[in-house]
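A look at the structure
Below are the chains, spelled out letter by letter.
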Amino acid sequence: MKILIPTPLRLYAGKQDTVDVKATTVGDALVQLTSTHPDLKKHLYTDDGKLRAFVNVYLNDEDVRYLAEKENTRVKDGDHLSIIPSIAGGNIW
């Protein structure tokens, strides 16, 4: 399966826009990603091992937070994970 890396995090993933992993669950895919690219871990996870609140992960088009099994959701070849960091701040005026 492919993990789509957003532009702000590509620096920590060898400047790649996608990373291929062989995984059975969403969590397994993220573990493989952060094992291969350890600099990503601090940007995706808190010190206690939970996904950061501002990091959104989508399995295909579904927000993983709203799936029944969350990170334990099974994945298959052809699936893709998208990591979408929330962006906040700025001034509208």
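The subject of this paragraph is the environment of Lys 42. Tracing the sequence through the fold places Lys 42 in helix α2 (residues 41–44). As a C-alpha pair, Lys 42 and Ala 68 span 26 residues in sequence and 26 Å in three-dimensional space.

Another point: the pairing of strand β5 (residues 80–85). In the sheet, strand β1 (residues 2–4) pairs with β5 via three bridges, with the strands oriented parallel. Across the sheet, residue Leu 4 finds its bridge partner in β5, namely Ser 82. Strand direction decides the pairing type here: strand β3 (residues 55–59) and β5, joined by five bridges, are antiparallel. Bridging from a neighbouring strand, Tyr 58 pairs with Ser 82 of β5.

Right, let's talk about the nonpolar core for a bit. One finds Leu 33, Leu 81 and Ile 83 to be the most contacted residues of the largest nonpolar core, which totals 23 residues. For this core, the secondary-structure elements that each account for two or more residues are α1 (26–36), β3 and β5. Among the elements that make up this core, the one with the highest residue count is α1 (four residues). Leaving out residues up to four positions away in the same chain, Leu 81 has contacts with Met 1, Lys 2, Ile 3, Leu 4, Val 26, Ala 29, Leu 30, Val 57, Tyr 58 and Leu 59.

What follows covers the environment of Leu 44. Here Leu 44 is to be found in helix α2. Put simply, Leu 44 and Leu 9 are 35 residues apart on the chain and 9.5 Å apart in space, counted from C-alpha to C-alpha. Leaving out residues up to four positions away in the same chain, Leu 44 has contacts with Leu 9, Leu 33, Thr 34, Lys 50, Leu 51, Arg 52, Val 55 and Ile 83.

Parameters and conventions
Residues numbered from 1 in each chain as written. Predicted model: local features only at pLDDT ≥ 70, side-chain atom pairs only at ≥ 80, totals over all residues. Heavy atoms only, no water. Helix = DSSP H or I, 4+ residues; strand = E, 2+ residues; numbered from the N terminus. Pairing = 2+ DSSP bridges. Core = buried A, V, L, I, M, F, W, Y, C linked by side-chain atoms within 4.5 Å. Buried < 20%, exposed > 50% of the residue type's maximum accessible area, 1.4 Å probe, protein only. Contact = heavy atoms within 4.5 Å.

None of the figures reported here should be taken as evidence of function without further support.
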